[in-house]
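Working through the structure, step by step
Spelled out from the first residue to the last, the chains are:
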Amino acid sequence: MQLIDFNDTATAFELRTNCDLRRAAWRFRIMSNRLIRFAHKLHLPIAWIVNPTLYSHFVPGKTLDDSIPRLNELREQDVKATMYYSAEASRNEEERVLIYSEMVNSVRFASDHRNLISHAIFKPGGLVPLNTLVRYAEQPDSLSEDEKEEITLFYNRFMELCRLAYDLDMPILVDAQYHAYQAVIDRFTEEAMQHFNQHRTIVYTTLQMYKKDRLEYLKHLLDKAEKEDLKIGIKLVRGAYLQAERKRAREKGYSSPICDTKEDTDQQYNEALRFIVAHLDRFSLVCGTHNEQSCQLLAQLMEQNEIAPGDPRIVFAQLYGMSDHVSFNLADTGYNVTKYAPYGTVRKVAPYLMRRIEECASGCTQIRYQRSLIQKELKRRRAENEA
């Protein structure tokens, strides 16, 4: 098998000017700055830093319409986007109404811009008070009448978003959540699949493979699909809340649901890829990873099973603003690729951005690697101009 050349910086940065690349290198340097993360933890005002630097790097626009020029740039290199409204939590019902309205708007926008958008997506935690959701997950019989109404409203909104996606024939990703209430999200998502995935894959669940139980859950989903004749949509990621999950497990006195080592997570992730490809008659996959080895593995599995690179059942996904060397080289080789892109105001996006910083700064090797690729491309261009 011919490996994908992720070191092909000419393809990765084809549409980026030298100025763009220097700016990106500077932003990656900012990401590794401990002072910014420290200021965020102390709730100090940092929008003046975030707005001109990280915000413009990771966020294509404040609104869906604002994002269209950046999405058109992606499409020039055969990459689509998955636009995510970045409000991660709500303080009151008024905010939840606005978040739900924007989620509906994003599904309709995705349907109207299929040439630019691969999937719709929503984060369930923005639609319900999280304390109520945790109580419902852990002690459902203890809910007050008000809390029961909140859960009923949450369930209805959850299902209506999936129904809208079904009516518009637009695949929709249900984002993963914290372990404390992921079981509720799993249950609702399975029910949505029963309603809307009978003949085609509309609803996708998200599996965070740093959780020890996800391989078994994946096998459960296959069993369910075969018994009920369903199509199962899977968005596969490694996981986004590692430190918070381990901390909560310590505080609450239960065994951590998270794999003990990164190697264990990598092994589970790759095993899930093998399992899904082996049962692609039932699954559709969004492979969300920046890991080159996992991307190479999936491409190899596709070739071994005579699955065309452009098969619509398999899509590779990376974050907007990260791993362009992975995204654009995959797309250049004919694979389906989407960029997971948040939108919203600086205040709404800030929690998402800070989590990105924490994730990247905890693995400084990745930041250095991103910068080294940029420097390599700048050096290549200088040599080309001097020749």
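Just above, that's the structure.
Quick caveat: nothing in here was measured; it's all calculated off a predicted structure.

Focus on empty space enclosed by the protein
Enumeration according to the criterion identifies one cavity of 30 Å³ or more in this entry. Put simply, the largest cavity is a space of about 30 Å³. Lining of the largest cavity is provided by E93, R96, L127, V128, P129, E150, L153, F154 and R157. Sorting elements by how many residues they give to the lining of the largest cavity places helix α8 (residues 145-168) first, with four residues.

Focus: the pairing of strand β8 (residues 337-343)
Counting buried positions along β8 yields seven of seven residues, so the element is predominantly enclosed. Burial along β8 is two-sided: the residues V337, K339, A341 and Y343 and T338, Y340 and P342 are all buried. Of the strand pairs in this sheet, strand β1 (residues 80-85) and β8 are connected by six bridges, and their pairing is parallel. Counterpart to T82 in the pairing with β8 is Y340. Direction of pairing for strand β7 (residues 314-319) relative to β8: parallel, over a ladder of four bridges. In the strand pairing of β8, L319 is matched with Y340. As for the winding sense of the linkage, the β-α-β connection from β7 through helix α14 (residues 324-332) to β8 is right-handed.

Side note on the pattern of salt bridges
For the coordinates displayed, the defined rule picks out 27 salt bridges. The residue D175 makes a salt bridge to K123 at a minimum N-O spacing of 3.6 Å. Residue D175 is found in the loop between β3 (172-174) and α9 (179-196), and its partner K123 is found in the loop between β2 (120-122) and α7 (130-138); the two are separated by 52 residues along the sequence. The exposure class of K123 is buried, given its relative accessible area of 4%. As a salt-bridge pair, D266 and K262 come within 2.8 Å of each other at their nearest N and O atoms.

Quick notes on the environment of R27
In this structure, R27 sits in helix α2 (residues 18-31). Each C-alpha atom of the pair R27 and H57 lies 7.5 Å from the other, and the pair is 30 residues apart in sequence.

Side note on the pairing of strand β4 (residues 203-208)
Across the six residues of β4, six count as buried, placing the element largely inside the fold. Of the two faces of β4, the one carrying V203, T205 and L207 and the one carrying Y204, T206 and Q208 are both buried. Strand direction decides the pairing type here: β3 and β4, joined by two bridges, are parallel. Note that in β4 the partner of I172 across the bridge is V203. Following the backbone out of β3, through α9 and into the adjacent parallel β4, one traces a crossover that is right-handed. Pairing geometry for β4 and strand β5 (residues 232-237), over five bridges, is parallel. Bridge pairing in β5 links L207 to L236. Taken together, β4, helix α10 (residues 214-228) and β5 form a β-α-β motif whose crossover is right-handed.

Comments concerning the packing of aromatic side chains
The final tally for this structure, using the stated rule, is eleven aromatic pairs. Summarising the aromatic geometry, the rings of F154 and F158 are spaced 6.1 Å apart at their centres and angled 85 degrees between planes, so their arrangement reads as edge-to-face. With F154 and F158 both in helix α8 and four residues apart, the pair spans about one turn of that helix. Given a relative accessible area of 0%, F154 falls into the buried group. Taken together, the ring pairs in this structure connect F122, F154, Y155, F158 and F188 into an aromatic cluster. Above the ring of Y100, the side-chain terminus of R157 is found at 5.6 Å from the ring centroid. Over the ring of F328 we find K339; its NZ or CZ atom is 5.9 Å from the centre of that ring.

Rules used in this analysis
Residues numbered from 1 in each chain as written. Predicted model: local features only at pLDDT ≥ 70, side-chain atom pairs only at ≥ 80, totals over all residues. Heavy atoms only, no water. 1 Å grid on protein atoms, 1.4 Å probe; cavity = no way out; pocket = protein on both sides within 12 Å on 5 of 7 lines; lining within 4 Å. Points joined across faces, edges and corners; volume = space filled by probe spheres on them. Helix = DSSP H or I, 4+ residues; strand = E, 2+ residues; numbered from the N terminus. Buried < 20%, exposed > 50% of the residue type's maximum accessible area, 1.4 Å probe, protein only. Pairing = 2+ DSSP bridges. Right-handed = clockwise from strand over helix to strand, strands pointing away. Salt bridge = Lys/Arg side-chain N within 4 Å of Asp/Glu carboxyl O. Phe/Tyr/Trp six-rings, centres within 6.5 Å; stacked < 30°, edge-to-face > 60°. Lys NZ or Arg CZ within 6 Å of the ring centre and 35° of its normal.

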